[in-house]
Amino acid sequence: LQTLQALSETRAAIGPVVLIVMDGYGLSKTGAGSAIAAANKPTLDRLFAEYPHVQLRAHGRAVGMPSDDDMGNSEVGHNALGAGQVYAQGAALVANSIASGELWQGQAWQEIVAFAKAGTGRIHFMGLLSDGNVHSHIDHLKAMVLRAKQEGIRSVRVHALIDGRDVPETSALDYVLPFEALLAELSTDGFDARIASGGGRQTITMDRYDANWPMVERGWKTHVLGQGQQFASAAAAIEGLRAQHPGVIDQDLPEFVIAENGRPVGTIEDGDAVVLFNFRGDRALEITRAFEEGAGFDKFERRRCPKVAFAGMLQYDGDLKLPARFLVAPPAIKNTSGEWFSKMGISQFACSETQKFGHVTYFWNGNRSGKFEGETYLEVPSDVVPFEQRPWMKAAEIADAMIEALQSGRHKLLRCNFANGDMVGHTGNFRAATMAVEAVDLALGRLLKAVDAAGGVALITADHGNADEMFELDKKTGQPALNKDGSPKAKTAHTLNPVPLILYQNIPGLKLGLKQTPEAGLSNVAATTAHLLGYEKHPDWDESLLTLKG
Ligand code: 3PG
Ligand code: CO
């Protein structure tokens, strides 16, 4: 409070406040396998040497995940940053709803079952087949298949997106083999369950933020129309495709269709029900639109639009109400910082490139695609390439846009996301990831000069780790785990490491610091920002970490 009072007195002294999210930038304890440690990053080195900084928790329960073994991800990270609060997130909500049986009693599940029974007797489950717990969890799928059998559904078809991005990069068979065995075991008493189609999650279906609709079109052709290279089972498809495309990791595998005697076993037809079992929205919205939209849908030619009952695991967009039918209610994220600052009359600017644009807008505002008054959004179009080929991504252009917005003097609060550490981190390419970090460092250096010129303050943070561990680490030694040929095992997923919060400002006479609390996490950033702006935080938010120094 003392801080607040003092700050409101100096409010006039503080220019714009700039929030910078370096996506996928975690703090590794040892530097083993860290592309960040290996990168040449003079600006970041200077920040850590000369400016106040603390560590924030960015994984597990600190961001609303079911357990502290769960890594963080961009959705929960940006929700916490933007809302200043921690909510039980999709992963936890779905697991609880299944455990309590609430999901089965819900209207959406009952409608799905009733529709299928009145129609063809078949339910399709589509989604990411892994236990990554970022977009989905295979246990949720298993529970639904079992329940469908108990409810007297005759046939189940699974459309499996292959992961290797939230889980080890070539782990597909660890999921597919036991899962196909389980489906075979369940296929008794007139019940018949199989995987019907699939493909790498970066190849089909799971595009986000309108970056690459042709990906979704390929998914539609695969899952709905049954067009694609045919195999006898998903395990055979993965083995066959790996042999055809040596070195291609799971997330990039081509699409496949399971067939018998040349006929796909599970195209989607009139009278079927379809459940999209991903709980996270960014990569679920486009395929949802393809199923739900009427004749006005113009993103690609669907050829055939089966009359199905469609449900998502959650509602993915609270403003657009997509999808209309959902199995579990999403977290009711309210009193976000975007809304609160808007009510204060603070003009806000948000910018990123396509791949992370929704992170600083839609996730930031609690999974709502709408805008609050006084918010200005700017999207820099991302390249549509594998990012190890362009590790600099759009860091320079985002910095340009932020500098221009700062110089315009129109905004009191500006936020941006540099995607590089995360998007390149996910490719598992160490060298590209060091270049990604260097590109961010370069952009940051320019942006911070503009912050100084505007008499402003910057908070530099991240949503979760990624580039800080590019190799799988041996649990005992902490050193990189090795492949048979002695090379380090690439890691594509996020990490469990904390992230930095750095306070940058060079305003003459203004001495500010940050306090490290044991519980400090991403949800403390909103209140810290409020105090920098000279305002009280919303009562729902976690506390500010700002201190006034002597
Ligand atoms: C993805 O969707 O790319 C990954 O599953 C998670 O990455 P993100 O949480 O950083 O977006
Ligand atoms: Co990521």
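## Quick look at the packing of aromatic side chains
In step 1: Going through the model one piece at a time under the given rule, you end up with 14 aromatic pairs.
In step 2: For the pair W213 and F297, a centre-to-centre distance of 5.8 Å together with 70° between the ring planes defines the contact as edge-to-face. Taken together, the residues span a long stretch of sequence, with W213 in helix 10 (residues 213-225) and F297 in the loop between helix 12 (285-292) and strand 10 (309-314) at a distance of 84 residues. Both residues of the pair, W213 and F297, belong to the buried class.

## Thoughts on the coordination of the cobalt ion (ligand 2)
In step 1: Protein coordination of the cobalt ion (ligand 2) is provided by D422 (OD), D422 (OD), H426 (NE2) and H494 (NE2), with donor distances spanning 2.1 to 2.4 Å.
In step 2: Coordination geometry of the cobalt ion (ligand 2): the 6 donor atoms subtend angles of 58 to 171° at the metal centre, consistent with an arrangement described as irregular.

## Let's talk about the site of ligand 1
In step 1: As a structural note, the neighbourhood of ligand 1 is formed by 17 residues, with S74, H135, D166, R201 and R283 the closest of them.
In step 2: R201 is positioned such that a nitrogen or oxygen atom in its side chain is 2.8 Å from an oxygen atom of ligand 1.
In step 3: Note that an oxygen atom of ligand 1 is positioned 3.2 Å from one of the side-chain N or O atoms of H426.
In step 4: When ligand 1 sits alone it has 300 Å² of accessible area, and the protein chains cover 100% of it.
In step 5: Among the residues forming the shell around ligand 1, the class breakdown is 1 nonpolar, 7 polar and 9 charged.
In step 6: Looking at which domains feed residues into the shell around ligand 1, each of domain 1 (2-88 + 332-548) and domain 2 (91-328) gives three or more.

## So, the packing of helix 8 (residues 138-150) against helix 9 (residues 172-186)
In step 1: Axis separation between helix 8 and helix 9 bottoms out at 11 Å; the angle between their running directions is 10°. On the basis of the axis angle, helix 8 is roughly parallel to helix 9. On the side of helix 8, the interface is formed by I138, L141, K142, V145, L146 and K149, while helix 9 contributes Y175, F179, L182, L183 and L186.

## Some remarks on the pattern of salt bridges
In step 1: On inspection of all chains with the given rule, the structure shows 22 salt bridges.
In step 2: Residues K356 and D23 are paired through a salt bridge, measuring 3.4 Å at the closest nitrogen-oxygen approach. A residue pair is termed long-range when its members are at least 10 positions apart, and K356 in helix 14 (residues 354-363) and D23 in the loop between strand 1 (17-22) and helix 2 (35-38) qualify at 333 residues. Both residues of the pair, K356 and D23, count as buried.
In step 3: As a salt-bridge pair, D282 and R208 come within 2.9 Å of each other at their nearest N and O atoms. Of the two residues, D282 is situated in the loop between strand 9 (273-276) and helix 12 and R208 in the loop between strand 5 (192-200) and helix 10; the sequence distance between them amounts to 74 residues.

## Some details on the environment of A453
In step 1: Tracing the sequence through the fold places A453 in helix 17 (residues 430-453).
In step 2: Expressed as a C-alpha distance, the spacing of A453 and N506, which sit 53 residues apart in the sequence, is 9.7 Å.

## With respect to the sheet that holds strand 15 (residues 457-461)
In step 1: Ordered in space as 2-16-15-1-14-12-13, the 7 strands form an open sheet in which the pairing is mixed. Each having just a single partner strand, strand 2 (53-56) and strand 13 (375-380) make up the two edges of the open sheet. Neighbour-to-neighbour, the strand axes of the sheet open up by a mean angle of 15°, direction not taken into account.
In step 2: Pairing analysis gives 5 bridges linking strand 12 (residues 348-353) to strand 14 (residues 413-418), with the strands arranged parallel. Along strand 14, the bridge assignment pairs C351 with C416.
In step 3: In this fold helix 3 (residues 42-50) packs onto strand 1, strand 2, strand 15 and strand 16 (499-505), with an angle of close to 80° to the strand it touches most, strand 16.

## Comments concerning helix 18 (residues 525-532)
In step 1: The buried fraction of helix 18 is high, at 8 of 8 residues.
In step 2: Residues of helix 18 that are buried include every one of V525, A526, A527, T528, T529, A530, H531 and L532, and no others.
In step 3: Looking one or two residues beyond helix 18, the residue adopting positive phi is G534, at roughly 85°.

## Observations regarding helix 4 (residues 74-83)
In step 1: Judged by how many residues are buried, helix 4 sits mostly within the fold: 10 of 10 residues are covered.
In step 2: Residues of helix 4 that are buried include every one of S74, E75, V76, G77, H78, N79, A80, L81, G82 and A83, and no others.
In step 3: On its buried side, helix 4 packs onto strand 1, helix 13 (337-343), helix 14, strand 14, strand 15 and helix 18.
In step 4: Capping of helix 4 at its N-terminal end is provided by N73; its side-chain oxygen lies 2.8 Å from the backbone amide nitrogen of E75.
In step 5: Phi for G84, located one or two positions after helix 4, is positive at around 70°.

## Comments concerning unusual backbone geometry
In step 1: Geometrically, the link from L322 to P323 is a cis peptide bond, its omega value of -10° lying close to zero.
In step 2: Within the secondary structure, P323 is located in the loop between strand 10 and strand 11 (326-328).
In step 3: The phi torsion at R303 lies on the positive side, around 70°, for a residue other than glycine.
In step 4: Tracing the backbone through its elements, the reader meets R303 in the loop between helix 12 and strand 10.

## Considering the domain arrangement of the protein
In step 1: Split into domains, the protein comes out as domain 1 (2-88 + 332-548) and domain 2 (91-328).
In step 2: Measuring from the centre of the C-alpha atoms in domain 1 to the corresponding centre in domain 2 gives 32 Å.
In step 3: Each partner contributes to the interface: domain 1 provides 30 residues, whereas domain 2 provides 28 residues.
In step 4: Summing both partners gives a buried area of about 2200 Å² for domain 1 against domain 2, and 51% of it is carried by carbon and sulfur.
In step 5: Considering only the surface of domain 1 that becomes buried against domain 2, Y362, H426 and T492 emerge as the three largest contributors, covering 20% of it.
In step 6: Summed over the shared surface of domain 1 and domain 2, the number is 0 salt bridges.
In step 7: Counting only elements with at least two residues in the side of domain 1 that touches domain 2, the list comes to helix 4 and helix 14.
In step 8: Top contributing element to the side of domain 1 that touches domain 2 by residue count: helix 14, with 8 residues.
In step 9: Among the residues forming the side of domain 1 that touches domain 2, the class breakdown is 11 nonpolar, 13 polar and 6 charged.

## Some words on the side chain of N420
In step 1: Its location among the elements puts N420 in helix 16 (residues 420-425).
In step 2: Accessibility expressed as a relative area gives 1% for N420, which makes it buried.
In step 3: Each residue touching N420, except ones within four places of it in the same chain, is listed here: P391, W392, M393, A395, G425, A436, A439 and V440.

Each value, and the rule that gives it
Residues numbered from 1 in each chain as written. Chains lettered and ligands numbered in written order. Predicted model: local features only at pLDDT ≥ 70, side-chain atom pairs only at ≥ 80, totals over all residues. Heavy atoms only, no water. Phe/Tyr/Trp six-rings, centres within 6.5 Å; stacked < 30°, edge-to-face > 60°. Helix = DSSP H or I, 4+ residues; strand = E, 2+ residues; numbered from the N terminus. Buried < 20%, exposed > 50% of the residue type's maximum accessible area, 1.4 Å probe, protein only. Donors = N, O, S within 2.8 Å, 3.2 Å for Na, K, Ca; no water. Tetrahedral: all angles 85-135°; square planar, octahedral: opposite > 155°, others 65-115°. Near = heavy atom within 4 Å. Polar contact = N/O pair within 3.5 Å; in protein donor to acceptor, adjacent residues only side chain to side chain. Areas by Shrake-Rupley, 256 points an atom, 1.4 Å probe, with all protein chains shown as cover. Nonpolar A, V, L, I, M, F, W, Y, C, P; charged D, E, K, R; others polar. Domains from an automatic or database assignment. Axes fitted to C-alpha atoms, helices over the stretch in contact; angles between N-to-C directions. Parallel < 35°, antiparallel > 145°, perpendicular 65-115°, else oblique. Contact = heavy atoms within 4.5 Å. Salt bridge = Lys/Arg side-chain N within 4 Å of Asp/Glu carboxyl O. Pairing = 2+ DSSP bridges. Buried area = accessible area lost by both parts, 1.4 Å probe.

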